[in-house]
Every structure is written in C-alpha cells, then in structure tokens.
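# Examining the three-dimensional arrangement
Here is how the chains run, residue by residue.
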Amino acid sequence: MSKKLIFVSAICLGLIFSMQQNCFAQAKTNDELKAEREALKTEMKSQAVLDRQAKMEKLEAPKTSGIKSVDDLAGSSSAMLVSAKENNKLIPEMYKRTIGETIDGVTDVTVKKPTLQELEALATNLGTQILAVSNATSAVKSATDDVSKASPMQAPKGTKSLNYSKDVLGLLAPELQLNLKMVNNLIATMKSAKNL
C-alpha cells in the first residue's frame, strides 16, 4: 500500500476517533467556538482548499476497465465524489443559516435557521462518508494486485481507473475532515446558550 493511501487511512480513522472524543469533551465557550469558526473559515477560503475543490470538479469518472475490483472501486469513488461536491455546496449554506452570515462575512438574517437534527444528520452523513473513504482506501491494494494480473489489453484501462480512484480518495479525506469540523462547530454553536 502506498504511503499516500496509508496517510489517507490514518487521517480518516483519526478523524472518526476525534469525533467520538468530541462527543465527550467539555463544552467550549462562545469565544472559543467563534475563534475556531474563524480559523475554519480562513482554512475554507485558503488556496489549498480552493485548489483541491477545483481538482475535484475536473475529475471525470473513467470508462470501465473490465476488472471488477477496479471498476467497483471507481464506481464507489465516483459516488463519494458526487456526495462531496454536494456537501461543498451545502456546508456554506448551513453556516449562513446557523450563524446569520456567509462564510465571507456578509450578514443575512433572513434565512431559516437549521434544526439541530439537520446539522446532526449532516455530521452523521459526513462521518459515514469518511468511513467509506477509509474502506475504499483499504480496497486499493487488492485492486492494484488485480491490475498487475490483468491482461495486456485490460491493464492500461485498469491503471487509469485505479489512478482516478486514488486521486478521488486523496482529495476527499482532507475535504471531508474540514467539512466535519465546521459542522461540529455549528452544532456546538447551536447548543450553546447564547447561540453565538
């Protein structure tokens, strides 16, 4: 397994563990939540995140290779990519609805606040996606072995498809992590007594 995939798996599993720890952590003050939110907003507008999202938009699902494990991995990677793109549109909207301003700081109090259940469902969805990325990352090794055993006609298509899946998984791990941090902050903000 490549170092990059091991790193991605470690990030995914570490994030799931930290999510569980946050459930039992002491509540943060409103000032701590606001400072954390400001740091997350800065990160969401960073060049690294913008570049990652641009790469996600450009990725196109490959044609089938005829190697079942590789095609299954590419199919699940494509589905995860679509979900991540939807989340990238939804998270700023949830932020605006919860905080009353856009991520860029434009005030908008005309929107209906989300319910705590909506935010918790989104956090659960993100956690599920992180687990799916981790599972898919684990499947890369067997898919790589299958490509190495494939016929000379299938191997190039299989390699292209496998590289697509690796690219998707490498982009999704940090993207989902950032989105989950923001949603967890919004949940904590909503639960706080003063709500800001």
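Here the residue index of a chain counts from 1 through its sequence in written order. This being a predicted model, a pLDDT of at least 70 is required before a residue's local features are given, and a value of 80 or more before pairs of side-chain atoms are given or counted; all residues contribute to the totals for chains, interfaces and linings. Here the side-chain values reflect all heavy atoms present in the structure, with hydrogen atoms and water set aside.

## Description of the environment of Glu 93
Helical segments are the DSSP runs of H or I of at least four residues, strand segments are the runs of E of at least two, and each set is numbered from the N terminus. Along the chain, Glu 93 turns up in helix H4 (residues 68-99). Taking the C-alpha atoms as reference points, Glu 93 and Ile 103, 10 residues apart in sequence, are found 8.9 Å from one another.

## A word on the environment of Lys 181
Mapped onto the fold, Lys 181 is located in helix H6 (residues 155-191). A 1.4 Å probe rolled over the protein chains alone gives each residue an accessible area, and that area as a share of the maximum for its type sets the label: buried under 20%, exposed over 50%, partly exposed in between. A relative accessible area of 36% means that Lys 181 is categorised as partly exposed. Sequence-wise, Lys 181 and Glu 36 are 145 residues apart; in three dimensions their C-alpha atoms are separated by 9.3 Å.

## Observations concerning the packing of helix H2 (residues 30-44) against H6
Each axis is a line fitted through C-alpha atoms, and for a helix only the stretch in contact is used; angles between axes span 0 to 180 degrees, taken between their N-to-C directions. Where H2 meets H6, the closest approach of the two axes is 10 Å, and the angle between their N-to-C directions is 150°. The angle between the axes of H2 and H6 places the two elements in the roughly antiparallel class. The way H2 lies across H6 gives a crossing that is left-handed. Taken together, the residues of H6 that come into contact with H2 (itself represented by Leu 33, Glu 36, Arg 37, Leu 40, Lys 41, Glu 43 and Met 44) are Leu 178, Asn 179, Lys 181, Met 182, Asn 185, Leu 186, Ala 188 and Thr 189. Residue composition of the contact of H2 with H6, grouped by class: 7 nonpolar, 3 polar and 5 charged. Here is the rule for angles: anything less than 35 degrees is roughly parallel, anything more than 145 is roughly antiparallel, 65 through 115 is roughly perpendicular, and the remaining ranges are oblique. Note on convention: near helix rotated counterclockwise from far helix by under a right angle means a left-handed crossing. Clockwise means right-handed. For this analysis, residues touch if any pair of their heavy atoms sits within 4.5 Å. All residues other than Ala, Val, Leu, Ile, Met, Phe, Trp, Tyr, Cys, Pro, Asp, Glu, Lys and Arg, Gly among them, are scored as polar; the first ten of these are nonpolar and the last four charged.

## What to know about the pattern of salt bridges
Any Lys or Arg side-chain nitrogen located within 4 Å of an Asp or Glu carboxyl oxygen qualifies as a salt bridge. Per the counting criterion, the structure on display carries 9 salt bridges. The residue Glu 36 makes a salt bridge to Lys 28 at a minimum N-O spacing of 2.6 Å. On the accessibility criterion, Glu 36 (28% relative accessible area) is partly exposed. A salt bridge links Lys 141 to Asp 145, with the shortest nitrogen-to-oxygen separation between them at 3.5 Å. Taken together, the positions of Lys 141 and Asp 145, both in helix H5 (residues 116-149) and 4 residues apart, correspond to about one turn of that helix. A relative accessible area of 42% means that Lys 141 is categorised as partly exposed. A network of salt bridges, in which partner residues are shared, links Glu 38, Lys 41 and Glu 101.

## Re the confidence of the model for the protein
Predictor confidence is given residue by residue as pLDDT, running from a minimum of 0 to a maximum of 100. For the protein, per-residue confidence averages 86 on the pLDDT scale, and residues scoring 70 or more make up 85% of the total. Helix H1 (residues 3-24) is the least confidently modelled element of the protein, averaging 51 in pLDDT, while helix H3 (residues 47-58) averages 96, the highest of any element. Scored below 50 in pLDDT, residues 19-25 makes 4 contacts in the model with residues more than four places away or belonging to other chains.

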